[in-house]
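# Summary of the model geometry
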Amino acid sequence: MSGSDTIVGVSDLHKTFFIGFMRKRVEAVRGVSFEVKRGEVFGLIGPNGAGKTTSIKMMLQLIFPTRGEVKLFGLSTEDPAARARLGYLPENPYIYTYLKPLEFLDLCGQLVSMNRQQRIKRSKELVERLGLANALDRPIGKFSKGMMQRLGFCQALLHEPELLILDEPFSGLDPIGRKDMRDLLLEQKAQGKTILITSHVLSDVEVLSERVCILRQGKVVAYGALNDLLRPEVRRVELELSDVSAELRAKLEKAAAQVRSVHTQLIVVVEGDESVPMLLKLALDGGARVLAVTPHRETLEDLFVRKAVTEVH
């Protein structure tokens, strides 16, 4: 890709804090570098305290780096033209609780220089799309955490930015809300938007992201395309069987890593996939019905544990 395809460029980013009366030195971010390409969903993940939110705040000039550089659209983060092209959802959005949703969005629209007609039209579209249309007469202070999150996302999308930076966008959302958020992010991607997300909901990051950067203790421990980072080999296989006799179950328990009952089915788990043909033959010869054969490869959660948890000890 050409340089113009790099929407966010982070180079050798460092941030050191000095905390408390004794000025204790804390290195929150230590040499972080990555790029976010045009039109992609990019996952920035790591354990609590890994430096994700600190890195995002430096991208937005909410705090300033000790060392290193961030470029947005090839421009300095100090350039208002760059910041005008992005939308931001913080992990804990602060919203004036005495306002009603459309009043709050009208205020946000004024801050980004939208005219009155644009503000009204876009605000109504977004509250309808994010399921808040039935709460327009309610003060925001009466909203649930999930509703507050949806409204925060409305303000991030209000001026139709090219780049979305979303810090824990799934926080406080129920399963339906998470699905709605995923669908909306995929819609934004289909429209050509570039999205950087942080999240502890790794299954959602895996569904949405093409590339990820994993931080641990302020450093990058994995970075690249998911297809390149995830181990391709089959880690385990689950066979789902029914009509299993006691005699057959005893044979399967000797040959498999794990056997468990789920309702009327038997789940047989084997490590790798080499012994699967033998177990299938054993099951069929014993009169069982094979309902499913499910291979399991490494997931983003497995990679996260391997890189950000296991390897630290």
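In short, a report on the structure. For every chain, the first residue of its written sequence is number 1, and the numbers climb from 1 along that sequence. It should be noted that, the model being predicted, local features are given only for residues of pLDDT at least 70 and side-chain atom pairs only at 80 or more, the latter also being counted only at that level, while totals for whole chains, interfaces and linings use all residues. Heavy atoms throughout the structure, all of them, feed into the side-chain values; hydrogens and water do not.

Take the pattern of salt bridges next. One side-chain nitrogen of Lys or Arg within 4 Å of one carboxyl oxygen of Asp or Glu is enough to make a salt bridge. Applying the stated criterion across every chain yields a total of 23 salt bridges. A salt bridge links R178 to D204, with the shortest nitrogen-to-oxygen separation between them at 2.9 Å. Placement of the pair is R178 in helix α6 (residues 175–190) and D204 in helix α7 (residues 202–208), with a sequence separation of 26 residues. For the exposure calls, accessible area comes from a 1.4 Å probe over protein chains only, and a residue counts as buried if that area is under 20% of its type's maximum, exposed if over 50%, partly exposed in between. Overall, the relative accessible area of 2% leaves D204 in the buried class. For D285, the salt bridge is made with K281, and the minimal N-O distance between the two is 2.8 Å. You can see D285 and its partner K281 sitting in helix α10 (residues 276–285), 4 residues apart, about one turn around the helix. Judged by relative accessible area, which is 58%, D285 ranks as exposed. It is possible to trace a salt-bridge network through shared partners that takes in K121, R122 and E125. Helical segments are the DSSP runs of H or I of at least four residues, strand segments are the runs of E of at least two, and each set is numbered from the N terminus.

What follows deals with a nonpolar patch on the surface. For patches, a residue must show more than 30% relative accessible area and have no salt bridge; joins then use 9 Å for like charges and 5 Å for nonpolar side chains, namely Val, Leu, Ile, Met, Phe, Trp and Tyr. For every accessible area listed, the method is Shrake-Rupley and the probe measures 1.4 Å; residues are considered covered only by the protein chains on display. On the surface, Y94, Y96 and Y98 cluster together into a nonpolar patch covering about 430 Å² of accessible area. Examined against the element boundaries, Y94 turns out to sit in the loop between β6 (86–89) and α3 (101–111). A relative accessible area of 67% means that Y94 is categorised as exposed.

Next up on the list: the packing of α3 against helix α5 (residues 145–157). Packing of α3 against α5 brings their axes to within 10 Å, and their N-to-C directions diverge by 30 degrees. In terms of their interaxial angle, α3 and α5 are classed as roughly parallel. Considering how the two elements wind past one another, α3 and α5 form a crossing that is right-handed. On α5, the residues that touch P101, F104, L105 and C108 of α3 are L151, C154 and Q155. Note on definitions: angles span 0 to 180 degrees between N-to-C directions of axes, and those axes are lines fitted to C-alpha atoms, for helices only across the stretch in contact. Any angle between 65 and 115 degrees counts as roughly perpendicular, while under 35 counts as roughly parallel, over 145 as roughly antiparallel, and the rest as oblique. Handedness of each helix crossing follows the sense of rotation of the near helix against the far helix: counterclockwise by less than a right angle gives left-handed, clockwise gives right-handed. In what follows, residue pairs with any heavy atoms lying within 4.5 Å of each other are defined as contacts.

So, about the pairing of strand β13 (residues 265–271). Counting buried residues along β13, 5 of its 7 residues qualify, which places the element largely inside the surrounding structure. Bridge analysis of strand β11 (residues 234–242) against β13 gives 6 bridges, and the strand direction is antiparallel. Opposite R236, over in β13, you have E271 as the bridge partner. Only when DSSP finds a minimum of two bridges between them are two strands counted as paired. Two elements, strand β12 (residues 258–262) and β13, share 5 bridges in a ladder whose sense is antiparallel. Its bridge partner being in β13, R260 is matched across the sheet by I267. From the end of β12 to the start of β13, which pair antiparallel, there are 2 residues, and H263 there has a positive phi angle of about 60 degrees.

Strand pairing in a sheet is mediated by backbone hydrogen bonds. Such pairs are either parallel or antiparallel. Taken in spatial order, the 6 strands make up an open sheet running β6-β7-β8-β3-β9-β10, and their pairing is mixed. For this open sheet the edge positions go to β6 and β10 (219–225), each flanked by a neighbour on one side alone. Adjacent strand axes in the sheet meet at a mean angle of 15 degrees when their direction is disregarded. Here strand β3 (residues 41–45) pairs with strand β9 (residues 211–216) via 4 bridges, running parallel. The partner of I45 across the bridge, within β9, is I214.

Here we take up the packing of aromatic side chains. Put simply, two rings from Phe, Tyr or Trp (the six-membered ring, in Trp's case) pair if the centres are within 6.5 Å, and we call them stacked under 30 degrees between planes, edge-to-face over 60, tilted for the rest. The tally for this structure, following the rule as stated, stands at 4 aromatic pairs. An angle of 40 degrees between the planes, with centres 6.0 Å apart, marks the rings of Y96 and Y98 as tilted. Through successive ring pairs, a cluster of aromatic residues spans F34, F42 and Y223. Charge-over-ring contacts are defined here by two conditions on Lys NZ or Arg CZ: a distance within 6 Å of the ring centre and an angle within 35 degrees of the ring normal. Taking NZ or CZ as reference, K15 lies 5.3 Å from the ring centre of F17, over its face. The ring centre of F73 lies 3.9 Å from the NZ or CZ of R85, which sits over that ring.

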